[in-house]
Amino acid sequence: MNGITRNKTHRGGWVEHEPTGRAVVRCTCGLDSGIVSETQALQIADDHRRATAEARV
């Protein structure tokens, strides 16, 4: 799961990384959730891990 941040550049060159509450879930198997809320992303990742583990048994 990759959290999405908003970047603000300030005088002096420093950058502020602000969480947006959104994330993307991607897996090497091809799963790509698109942009969803962090809560949804956690559920998608957990469900995907569980389903993948069951398929291996």
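Higher on the page you've got the structure.
This section reports on the structure supplied with the text. This is a predicted model, so every value here is computed, not measured.

Notes on the state of the cysteines
Counted by the stated rule, this structure contains zero disulfides. Lacking any disulfide linkage, Cys27 is separated from the closest cysteine sulfur, that of Cys29, by 3.6 Å. Taking the relative accessible area as the measure of exposure, Cys29 reaches 55% and is therefore exposed.

Some thoughts on the pairing of strand 2 (residues 15-24)
Relative to strand 2, strand 1 (residues 2-9) runs antiparallel, the two sharing seven bridges. By the bridge assignment, Thr5 is partnered in strand 2 with Pro19. Between strand 1 and strand 2, which follow one another and run antiparallel, lie five residues, and Gly12 among them has a positive phi close to 90°.

Structural notes on the pattern of salt bridges
Within the structure shown, the criterion is met by six salt bridges. The partner of Arg26 in a salt bridge is Asp32, with the nearest N and O atoms 3.4 Å apart. For Arg26, a relative accessible area of 56% corresponds to the exposed category. Judged by relative accessible area, Asp32 falls into the partly exposed class, the value being 44%. Across the salt bridge formed by Arg50 and Asp47, the nearest N and O atoms sit 3.5 Å from each other. Taken as a pair, Arg50 and Asp47 lie in helix 1 (residues 38-56) at a separation of three residues, close to a single helical turn. Look at Asp47 and you get partly exposed, because its relative accessible area is 36%. One network of salt bridges, in which partners are shared, links Asp46, Asp47, Arg49 and Arg50.

Thresholds applied
- Residues numbered from 1 in each chain as written.
- Predicted model: local features only at pLDDT ≥ 70, side-chain atom pairs only at ≥ 80, totals over all residues.
- Heavy atoms only, no water.
- Disulfide = S-S within 2.5 Å.
- Buried < 20%, exposed > 50% of the residue type's maximum accessible area, 1.4 Å probe, protein only.
- Pairing = 2+ DSSP bridges.
- Helix = DSSP H or I, 4+ residues; strand = E, 2+ residues; numbered from the N terminus.
- Salt bridge = Lys/Arg side-chain N within 4 Å of Asp/Glu carboxyl O.

Geometric descriptors of this kind do not, in isolation, establish any biological role.
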